[in-house]
Amino acid sequence: MSIFDETLTMNNGLKIPKMALGIWEIPDDQTPKAVEEGKLRTIGVPSFEKEDLDNLMQNSSTKPAVNQILVHIGETPMNLIDYIQGNDIVVEAFSPIAHGAPLNDPKIKKMANKYGVTVSQLCIRYDWQLNCVVLPKSANPAHMKSNAEIDFVISDEDMDKLKKFTSVDYGKAGVFPVFGGKM
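Worth saying up front: this structure is predicted, and the values here are computed from it rather than measured.

## Some details on the packing of helix α4 (residues 106-115) against helix α7 (residues 156-163)
Part 1 of the reasoning: Interhelical geometry of α4 versus α7 gives an angle of 160 degrees and a closest axis separation of 12 Å. Viewed along their axes, α4 and α7 adopt a mutual orientation that is roughly antiparallel. Handedness of the crossing formed by α4 with α7: left-handed. Contact residues: α4 offers Met111, Lys114 and Tyr115, while α7 offers Asp158, Lys161 and Leu162.
Part 2 of the reasoning: Of the residues contributing to the contact of α4 with α7, the split by class is 3 nonpolar, no polar and 3 charged.

## So, helix α5 (residues 119-129)
Part 1 of the reasoning: Along α5, 9 of the 11 residues are buried, which leaves the element largely enclosed by surrounding structure.
Part 2 of the reasoning: Residues of α5 that are buried include every one of Val119, Ser120, Gln121, Leu122, Cys123, Ile124, Arg125, Tyr126 and Asp127, and no others.
Part 3 of the reasoning: Check the buried side of α5 and you find it contacts β5 (90-94), α4, β6 (132-134), α6 (141-147) and α7.

## Here's the deal with the sheet that holds strand β3 (residues 44-46)
The pairing of strands in a sheet comes from backbone hydrogen bonds and takes either a parallel or an antiparallel form.
Part 1 of the reasoning: The sheet built from 4 strands is open, its strands ordered β3-β4-β5-β6 with parallel pairing. At either end of the open sheet lies a strand with only one pairing partner, and these are β3 and β6. Each adjacent strand pair in this sheet contributes to an overall mean axis angle of 30 degrees, direction not counted.
Part 2 of the reasoning: Direction of pairing for strand β4 (residues 66-70) relative to β5: parallel, over a ladder of 5 bridges. By the bridge assignment for β5, Leu70 is matched with Phe94.

## Focus on the layout of surface pockets
Part 1 of the reasoning: By volume, the second largest pocket is sized at about 550 Å³.
Part 2 of the reasoning: Along the walls of the second largest pocket sit 24 residues, with Ser95, Pro96, Ile97, Pro136 and Lys137 positioned nearest its centre.
Part 3 of the reasoning: Mapped by element, the contributors of at least two residues to the lining of the second largest pocket are β5 and α6.
Part 4 of the reasoning: Counted by class, the lining of the second largest pocket contains 11 nonpolar, 11 polar and 2 charged residues.

## Let's talk about the side chain of Ser120
Part 1 of the reasoning: Looking at the secondary structure, you find Ser120 in helix α5.
Part 2 of the reasoning: Ser120 has contacts with Ile97, Leu103 and Asn147, leaving out every residue within four places of it along the chain.

## Describing the environment of His72
Part 1 of the reasoning: Of note, His72 is situated in the loop between β4 and α3 (78-86).
Part 2 of the reasoning: The spacing of His72 and His99 is 27 residues in sequence and 9.9 Å in space, taken between C-alpha atoms.

## Thoughts on the pairing of β5
Part 1 of the reasoning: One crossover worth recording links β4 to the parallel β5 by way of α3, and it is right-handed.
Part 2 of the reasoning: As paired elements, β5 and β6 share 3 bridges and run parallel to each other. Residue pairing across strands places Glu92 opposite Val133, the latter belonging to β6.

## Considerations on a nonpolar patch on the surface
Part 1 of the reasoning: A cluster of nonpolar side chains, contributed by Val90, Val133 and Leu135, occupies part of the molecular surface with about 230 Å² of accessible area.
Part 2 of the reasoning: Relative to the helices and strands, Leu135 is located in the loop between β6 and α6.
Part 3 of the reasoning: With a relative accessible area of 53%, Leu135 lands in the exposed category.

## Topic: the side chain of Asp54
Part 1 of the reasoning: Within the element layout of this structure, Asp54 appears in helix α2 (residues 50-58).
Part 2 of the reasoning: Side-chain polar atoms of Asp54 contact the side chain of Lys50, separated by 2.7 Å.

## Overview of the pattern of salt bridges
Opposite charge on two side chains permits pairing when their charged atoms draw close.
Part 1 of the reasoning: Within the structure shown, the criterion is met by 5 salt bridges.
Part 2 of the reasoning: The partner of Lys114 in a salt bridge is Asp158, and the shortest N-O contact between them spans 2.7 Å. With Lys114 in helix α4 and Asp158 in helix α7, the pair connects residues that are 44 residues apart, well separated along the chain.
Part 3 of the reasoning: Using a relative accessible area of 56% as the deciding quantity, one classes Lys114 as exposed.
Part 4 of the reasoning: Overall, the relative accessible area of 2% leaves Asp158 in the buried class.
Part 5 of the reasoning: Its salt-bridge partner being Glu149, residue Lys145 comes within 2.7 Å of it at the nearest N-O pair.
Part 6 of the reasoning: The exposure class assigned to Lys145 is exposed, which follows from its relative accessible area of 54%.
Part 7 of the reasoning: Beyond isolated ion pairs, a larger network of salt bridges with shared partners links Lys114, Glu157, Asp158 and Lys161.

Rules used throughout
- Chains are numbered independently. Their residues run from 1 in the order of the written sequence.
- Local features in this predicted model are restricted to residues of pLDDT 70 or higher, and side-chain atom pairs are both shown and tallied only at a pLDDT of 80 or more, whereas totals for entire chains, interfaces and linings draw on every residue.
- As a convention, hydrogens and water are excluded, and side-chain values are obtained from all of the structure's heavy atoms.
- Angular values range over 0 to 180 degrees, each being the angle between N-to-C directions of two axes fitted as lines to C-alpha atoms, with helices fitted over their stretch in contact.
- Elements are defined by DSSP. Helices are runs of H or I of four residues or more, strands are runs of E of two residues or more, and each kind is numbered from the N terminus.
- Roughly parallel means an angle under 35 degrees; roughly antiparallel means over 145; roughly perpendicular covers 65 to 115; every other angle is labelled oblique.
- Note: crossing handedness is left-handed where the near helix turns anticlockwise from the far helix by less than a right angle, and right-handed where it turns clockwise.
- Contacts were defined at the residue level, with two residues in contact if any of their heavy atoms lie within 4.5 Å.
- Here the nonpolar group is Ala, Val, Leu, Ile, Met, Phe, Trp, Tyr, Cys and Pro; Asp, Glu, Lys and Arg are the charged ones; every other residue, Gly included, is treated as polar.
- The cut-offs for exposure are 20% and 50% of the maximum accessible area for each residue type, with area from a 1.4 Å probe on protein chains only; residues under the lower value are buried, those over the upper are exposed, and the others partly exposed.
- Any two strands are treated as partners once DSSP identifies two or more bridges connecting them.
- A cavity, in this analysis, means grid points on a 1 Å lattice covering only the protein atoms where a 1.4 Å probe fits yet has no way out; a pocket is instead an open set bounded by protein on both sides within 12 Å along at least five of seven lines, and a residue lines either one if it has an atom within 4 Å of a point.
- Grid points are joined across faces, edges and corners, and a volume is the space filled by probe spheres set on the points.
- The handedness rule is simple: strands pointing away from the viewer, and a clockwise path from the first strand over the helix to the second, make the crossover right-handed.
- What makes a patch is a set of residues exposed beyond 30% relative accessible area and free of salt bridges, joined within 9 Å when like-charged and within 5 Å when nonpolar (Val, Leu, Ile, Met, Phe, Trp, Tyr).
- To measure how exposed things are, a 1.4 Å probe is used in the Shrake-Rupley method; for residues, cover is taken only from the protein chains shown.
- Throughout this description, the term salt bridge denotes a Lys or Arg side-chain nitrogen within 4 Å of a carboxyl oxygen of Asp or Glu.
- In protein, a polar contact means a hydrogen-donor-capable atom and an acceptor-capable atom, both N or O and within 3.5 Å, with residues adjacent in sequence counting only if both atoms are side-chain atoms; elsewhere, any N or O pair within 3.5 Å suffices.

Here is the structure:
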């Protein structure tokens with residue numbers, strides 16, 4: 001039995017695959033097979049580079065629907081973004097606010113003030129204008145509401161400036177994994 005055959009029964013009787021509840025390390029040969037057998041509709045991949053995507057697409061019948069990559073002001077891999085989107089794969093930007101590093105950057109603050117928005121909103125809108133799916137992490141309802149208020153447009157000139165921004169200093173969050181635990 002593979003992980004794709006393991007299910008949980010919900011209170012309403014609906015059965016869902018266990019693997020739908022999180023990220024699992026799955027042998028490479030099982031995922032495309034599960035799509036072919038209809039156990040999965042599609043797959044998403046984490047941090048795949050061009051070579052990884054090429055390998056997957058050339059050696060299986062599976063093309064991912066989404067590739068979750070690090071995209072934010074100071075980390076904008078345009079060649080990779082263009083390649084992914086050029087293959088009709090959605091780019092999901094993880095860490096769109098760069099672990100909070102831009103919140104203290106005077107140049108980014110100045111640009112946010114120019115648009116009358118918060119630094120977080122500028123960061124989220126930046127990724128949005130790159131045609132990325134943006135899912136900022138927050139447990140704070142006020143931040144969630146504010147993060148969704150991105151109904152402004154960053155000018156082409158300012159987008160170009162932000163694309164050329166040098167890497168940000170993540171501070172204490174600069175050690176991966178950034179989500180705690182022991183290394």
